[in-house]
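# Chain and residue survey
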Amino acid sequence: MLKKTRAFLKWAGGKYSLVESIVELLPKRSKTLVEPFVGAGSVFLNSNFERYILNDINPDLIALYQHLKATPEAFIQDCKLMYQSKYNQEDAYYQIRAEFNQEKDTYRRSILFTYLNRHGYNGLCRYNNSGFYNVPFGRYVKPYFPEHEMYYFAKKSQKAEFTLVDFETCMRSAPKGSAIYCDPPYISLSETANFTQYAKSGFNIHDQKRLADTAQQLSHEGKNTVLISNHDTPIVRNLYLPAKIKTQNVSRVISQNAGTRQAVKEVLALYKVKRIKQPIITG
């Protein structure tokens, strides 16, 4: 991987710094990469498969990607109009956030989503229990407009299909022989560390177990190799017992207080396809 490409969205838990380790573990013979939790798409952007199936449970994220793929020139220029100094004000931000929460048109909503992503606090994507986006104003001096990154995403997305289904549905419908990379909302390092909710439905421990069980079943049946990222905790280790575990230090930090921030460890859990031996016929 000579040069990495950054995602155009800011995304808590993004995998830009780890893509080399992730891509290295994915099966080389697979023609399709399936991502049930695509997020900002760093693995998609920095891998080389013939086809991609990119899924997420957040309808705002998937609608944004679909509009960017379908009409990149018009969409990017419409987004660019939001990057003016008059919109980088606290009052303007909250007015636009309120508009977003009431907007029904997916094209306009997608434009506002990109604005909120770059002007909101710390790259968070968070909704309250009523489904309203509630990230506060970020107070950046001059938010960066990722025009180049959006054009690159749009070009590469011509090889991608975007879906909005439950992660298990996405995994079980993946073509046989696909590589599946899962980057779910992480298990908390502590009760207070669960700082993001990517969609209003959330993601609980039962979902974590369902993900691990699905990965194990797909690999055991000889259908797909599955790779999962998560925090390195005893609970995670127990969930991924059948998998081959690789640990890595990550510079990403969790606390908002810079004086108490600590680096964290993550695991990559690899569920390799079980090769079914053919019986030897003699006679």
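Residues numbered from 1 in each chain as written. Predicted model: local features only at pLDDT ≥ 70, side-chain atom pairs only at ≥ 80, totals over all residues. Heavy atoms only, no water.

Labelled according to an unreviewed UniProt entry, the protein chain appears under the name Site-specific DNA-methyltransferase (adenine-specific), originating from Catenovulum adriaticum. The record held by UniProt for the protein chain lists under Sequence similarities (unreviewed entry) the comment "Belongs to the N(4)/N(6)-methyltransferase family." In UniProt, the protein chain has this text filed under Catalytic activity (unreviewed entry): "a 2'-deoxyadenosine in DNA + S-adenosyl-L-methionine = an N(6)-methyl-2'-deoxyadenosine in DNA + S-adenosyl-L-homocysteine + H(+)". (UniProt positions renumbered as here; feature names shortened; annotations may be inferred.)

Of all five residues making up strand β2 (residues 51-55), four are buried, and the element is well covered by its neighbours. Two strands pair when backbone bridges link them, and strand β1 (residues 32-35) and β2 are joined in this way by four bridges, in the parallel orientation. Bridge assignment links glutamate 35 to a residue of β2, and that residue is leucine 54. Two elements, β2 and strand β3 (residues 160-163), share four bridges in a ladder whose sense is parallel. Following the sheet pairing, isoleucine 53 is matched in β3 by glutamate 161. (Buried < 20%, exposed > 50% of the residue type's maximum accessible area, 1.4 Å probe, protein only. Helix = DSSP H or I, 4+ residues; strand = E, 2+ residues; numbered from the N terminus. Pairing = 2+ DSSP bridges.)

Quick look at unusual backbone geometry now. Peptide bonds are, in most cases, trans, and in most cases residues other than glycine have a negative phi. A positive phi angle, close to 60 degrees, is found at asparagine 122, a residue other than glycine. Within the secondary structure, asparagine 122 is located in the loop between α6 (106-119) and α7 (147-156).

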